[in-house]
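Close look at the chain arrangement
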Amino acid sequence: MVEARLRVIYGDTDQMGVVYYANYFRYFEFARSEFFRAHGGSYRELESTGLLLPVVEASAHYKASARYDDMLLIRTTLGELRRASLVFTYELLRDGDAPTLLCTGRTMHACVGRDGRPQRLPEAIARLKAADDSDT
């Protein structure tokens, strides 16, 4: 699991100061990028090999509202791996002395070449999964 922190900016909220629901998916994307960085890589490096990881399925389960200026803690785990797809899971919390769970989520990604055709996940991704499993 990798933890990433992010402060809610005013532009992410509605008129009530509550984070607009779709922004949680942006937070998940931020956390995925941090996941790769924490493991010594990046999306850019993966894409330079000709592979892409588009989101093919996404879900979020909202528990409580994030608000303007909240410090968020996003826990990201690499879940299941298949031949040409992978799943990330997320826990998004309001950070502080007693973190509050605000949202859980999941994204499934296909591994495709630049031509859009499915490709086998690279061995480096399987190593990330092994490293993530050993952290738990």
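Residues numbered from 1 in each chain as written. Predicted model: local features only at pLDDT ≥ 70, side-chain atom pairs only at ≥ 80, totals over all residues. Heavy atoms only, no water.

For clarity, the threshold we go by: UniProt positions are given in the numbering used here, feature names are shortened, and annotations may be inferred rather than shown by experiment.
The name an unreviewed UniProt entry assigns to the chain is Acyl-CoA thioesterase, from the organism Corallococcus aberystwythensis. In its Sequence similarities (unreviewed entry) section, UniProt records this for the chain: "Belongs to the 4-hydroxybenzoyl-CoA thioesterase family."

Quick look at the pattern of salt bridges
Which entries qualify depends on this criterion: Salt bridges, as used here, are contacts in which a Lys or Arg side-chain nitrogen is within 4 Å of a carboxyl oxygen on Asp or Glu. Here a strand is any run of E in DSSP of at least two residues, a helix any run of H or I of at least four, and the numbering for each starts at the N terminus. We call a residue buried when its accessible area falls under 20% of the maximum for its residue type, exposed when it is over 50%, and partly exposed in between, using a 1.4 Å probe and counting protein chains only.
Considering all chains together, one arrives at 10 salt bridges under this definition. Between R75 and E91 there is a salt bridge whose closest N-O contact spans 3.6 Å. With a gap of 16 residues between them, R75 in strand 4 (residues 71–81) and E91 in strand 5 (residues 85–94) connect regions that are remote in the sequence. Between E80 and R82 there is a salt bridge, with its nearest N and O atoms 2.8 Å apart. Taking the relative accessible area as the measure of exposure, E80 reaches 35% and is therefore partly exposed. Sharing partners across several salt bridges, the network here consists of E57, E80, R82 and R106.

What about the environment of S85?
Following the sequence through the fold, S85 ends up in strand 5. Classification of S85 by relative accessible area gives buried; the value is 13%. Once the C-alpha coordinates of S85 and S65 are considered, the two residues, 20 residues apart in sequence, prove to be 31 Å apart.

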